[in-house]
Amino acid sequence: MSTYNVVVIGSGPGGYIAAIRCAQLGMKTAIIEKYDVLGGTCTNVGCIPSKALLDSSEHYHNAESAFADHGIAATGLSFDFGKMIARKNGVVKSNTDGIAYLMKKNKIDIYNGLGSFVTKNRIAVTNAKGEKQEIETEKVIIATGSKPTKLPFITIDKKRVITSTEALSLTEVPKHLVIIGGGVIGLELGSVYQRLGAKVTVIEFLDKIVATMDEDISKELLRILRKDGIEFLLSHKVTGAIVNGNEVTVSAENKKGEKVEVKGDYCLVAVGRVPYTAGLGLENAGLKADERGRVAVNDHLETSVPGIYAIGDVIRGAMLAHKAEEEGAFVAETMAGQKPHINYNMIPGVAYTWPEAASVGATEQDLKKDGVAYKSGKFPFRALGRARASGDLDGFVKVLASKETDEILGVHIVGARAADLIIEGVVAMEYRASAEDISRMSHPHPTYTEAFKEACLIATDNRALNM
Amino acid sequence: MTELKVPSVAESITEVTLSKYLVKDGDYVELDQPVCELETDKASQEIPATVAGVVKFVAKEGDDLKVGALICNIDETAAKPAGAKAEVKETKVEKKVEVSKPVETKPVEVKKEEVKQSYAANTPSPAAKKILDEGNVSAKDVKTTTGVSGRITKEDAINAVRAKASLPQKEAFSRNERVEKMSRLRKTVSERLVYSKNSTAMLTTFNEVDMTAINAIRAKYGDAFKKKYEVNLGMMSFFAKASCLALEKFPSVNAYIDEGNIVYHDYCDISIAVSTPKGLVVPVIRNAESLSIAGIEKKVKELAIKGRDGQLTMDEMTGGTFTISNGGVFGSLMSTPIINPPQSAILGMHKVQDRAMVIDGKVEVRPMMYLALSYDHRIIDGKESVSFLVAIKDFLENPHKMLLGADPVELLIEL
């Protein structure tokens, strides 16, 4: 029987990063993956494939609606959806191959099969053929991730009523896609199909979309997506989804209690994700999941059983690939006797709609709730030369800073390239920069980053230079 | 006005050193707040305020004071200033930092200008925070910050951790001299050592012991012993036990001269030399002859911990009829220990080293230790001292003899 210092169960961004860091620190490491390919949800049915489709559909959308403005005539425009999906699959494959290469490079043993605790130090791996082998280990990192949440009153047949996983591998563009849930996943996939010509209706229980983000972001994104043609039914409570042939009827109740019916050919259920521990045999290690399916951990991300750690979607906190990655490295270093730290307040959140939305730190509603005296600087991209040149005029950068010290407390961006711009906010806040600090740093002209500087100028002293 | 005087610390102590004040002259102190620290021969002790009030120093730091001498006055009629408590606390912390440093050769730089602190002062960068956490240095304790507005850079963190590990950045060369007042303990040790040399007819005899048997016992039973008694099976217990048995055979080694008389002891109080951060102390294992091996090991551990923490009481350090000193822990191969007066002999243990020995005409590798016995020739004859050391060697090489004080078979056939 093979024995290891560490066995990582799950090869998503949390798991494979943890394995690499463990190997770097000299531990004999193995990684167990249920599926035939490494990479987990993020690489196979999440972040990466959705970005591939978002970019493909964005190109088409630009050719269709933005090229004319630039003086480009694109007549007889068409797209091959099958090729888009094939390209996406190619992108996924090169990423999963990349992870397999990294495992080999770091001398990490890969076990394909369902990992299950026999004891706290012994893991059984059962492959697709039902063959079982056992491995011994001193320590375990649970990185089994999450899966889409189901609604008790809706049957997901994976054909007409689908989750994000199926939505990334459809064989046709829906005519009318009904999306339950106005969160990041629903909006990203809604954007893909809306750009490719589908009618898209988003039904959201709350009175706003991307509910955890700053309200200004939520409002601006709603305005832009509505303008693009996505229909939103907010404050609607979905009560069922019935498939009849090629038609799905989604029923809901509005705020007044009136019944509303939306008919489409596909219904995407995107109401969040739940931690996944099925078949893991937690009880054999002396563990159990909490009422929300999570594995409880302490500040060192160690479970109640010493030597067993858990990271990523399967524990508390935001379900984000980069949060899981930080935790993977954190646990590896902790096991090696180092004292790493994670600043959970500094983990950015991103929605890859177009324009993109990104956020880090406190929202305005957080600061109000906590009674923090703050000031706000908001600068629209529309006022930037760069934005006018490219034609991406929507959105703004909003900087929230302490009224007392000018320290930046939160950064919220909606607009082109927000996903990449947000990192300036992360770096600034990790060093506890003041808004004025940023306004005194040279920002290249013309770039979108100037909006960050201008927002800081407004926050500091209301002295924007370009507005 | 209330006088704060040197209290009677212990029966045998008549003089103490005022090692440091814990408050500033003119500070307001609360009742029972420690005012100063006194150092005695063996330990240091904080002296609390007997009343609340404003302190007026009389004695200076470093003064030697007789028991009953005035340290300072406390004016209990003085009003308590607003915010006094916080201020006092701060002072105390400041003082501590100062004292923990070695004596400065240069005057400490005092920052005159009051710089307004940024909210971000002492904010460590992400990398700096990890380095500080791992070095157990709090960000607020980092003195030198070179980042913007007092932020701690990675380099600052590395330097702070290095400074804490007391790895001072050495100058290429130095011709500085430092003058430090001798501590009470050091002074006492020096006086007693010279006294011992001058007042006894001291000489040293040597032998060596083959540790094969003791090592075998420790290897075989070490784990079980540790499990049962929660203390390691060390070498000291065997040496103490062997010494007790040998002392019973040679009572003059366990005796001392008191003017015209010789005082013999029917018990063995074994003094054990222990190195502590403050210096050498010699706590006593009472009635060591009556203790089991585990009993001795436990006592040794207890005394060593107390010594390290400066918790040994006067009682635990006085008396003793014979001393064992183990220079081997520091690597000494051979030495001539000095008698701990009024005792008459001291056993020196040394480093165990594999050496080629001739056993039955063949060269064999054996774990050997040199033994030294320094003794007062006025009371112990050469024959006795040498025989005493041979007896110890014999017990250690044949541990079964320690059970009954002689070879069991010889006892059985009454040889």
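Since this is a predicted model, take the numbers as computed values, not measurements. (Residues numbered from 1 in each chain as written. Chains lettered and ligands numbered in written order. Predicted model: local features only at pLDDT ≥ 70, side-chain atom pairs only at ≥ 80, totals over all residues.)

1. Notes on helix 6 (residues 184-195) of chain A
All names here are of chain A.
Stage number 1. Under the 1.5 Å per step criterion, the end-to-end length of helix 6 is 17 Å for twelve residues, consistent within 8% with the ideal 16 Å.
Stage number 2. Burial within helix 6 is extensive, with twelve of its twelve residues counted as buried.
Stage number 3. Of the positions making up helix 6, those classed as buried are Val184, Ile185, Gly186, Leu187, Glu188, Leu189, Gly190, Ser191, Val192, Tyr193, Gln194 and Arg195.
Stage number 4. Remark: glycine 197 follows helix 6 within two positions and exhibits a positive phi of approximately 110°. (Helix = DSSP H or I, 4+ residues; strand = E, 2+ residues; numbered from the N terminus. Expected span 1.5 Å × (residues − 1). Buried ≥ 20, exposed ≤ 12 C-beta atoms within 10 Å, placed from the backbone.)

2. What to know about helix 1 (residues 13-24) of chain A
Residue and element names in this part refer to chain A.
Stage number 1. An ideal rise of 1.5 Å per residue puts 16 Å on twelve residues; helix 1 measures up with 16 Å between its terminal C-alpha atoms.
Stage number 2. The element helix 1 is extensively covered by neighbouring structure, given that eleven of its twelve residues are classed as buried.
Stage number 3. Along helix 1, the residues that are buried comprise Pro13, Gly14, Gly15, Tyr16, Ile17, Ala18, Ala19, Ile20, Arg21, Cys22 and Ala23.
Stage number 4. Contact partners of the buried residues in helix 1: strand 1 (3-9), strand 2 (29-33), helix 2 (40-45), helix 4 (81-105), strand 6 (132-142) and helix 8 (321-335).
Stage number 5. Looking one or two residues beyond helix 1, the residue adopting positive phi is glycine 26, at roughly 90°. (Contact = placed C-beta atoms within 7 Å.)

3. Details of the sheet that holds strand 13 (residues 247-253) of chain A
Residues and elements named next belong to chain A.
Stage number 1. Reading across from one edge, 12-13-14 is the order of the three strands in this open sheet, with antiparallel pairing throughout. Of all strands in the sheet, those bounded by a partner on one side alone are strand 12 (237-244) and strand 14 (259-264). With strand direction ignored, the average angle separating the axes of adjacent strands in the sheet is 20°.
Stage number 2. Of the strand pairs in this sheet, strand 12 and strand 13 are connected by seven bridges, and their pairing is antiparallel. Each residue of the ladder has a partner; that of isoleucine 242, found in strand 13, is threonine 249. (Pairing = 2+ DSSP bridges. Axes fitted to C-alpha atoms, helices over the stretch in contact; angles between N-to-C directions.)

4. Digging into the interface of chain B and chain A
Stage number 1. In this assembly, ten residues from chain B lie in contact with nine residues from chain A.
Stage number 2. Among the residues making up the side of chain B that touches chain A, the classes are represented as three nonpolar, two polar and five charged. (Nonpolar A, V, L, I, M, F, W, Y, C, P; charged D, E, K, R; others polar.)

5. Notes on the pairing of strand 19 (residues 362-376) of chain B
Residue and element names in this part refer to chain B.
Stage number 1. Of the strand pairs in this sheet, strand 9 (residues 202-210) and strand 19 are connected by nine bridges, and their pairing is antiparallel. Note that in strand 19 the partner of asparagine 207 across the bridge is leucine 371.
Stage number 2. As defined by bridge partners, strand 17 (residues 345-349) adjoins strand 19 across four bridges and the pair is classed as antiparallel. Paired with glycine 348 across the strands is alanine 372, a residue of strand 19.
Stage number 3. In the sheet, strand 18 (residues 353-359) pairs with strand 19 via seven bridges, with the strands oriented antiparallel. Across the sheet, the residue bridging to arginine 355 is arginine 366, located in strand 19.
Stage number 4. Connecting strand 18 to the next strand, strand 19, in antiparallel fashion are two residues, including aspartate 360 with a positive phi near 50°.

Remember that the coordinates give geometry; whether it matters functionally is a separate question.
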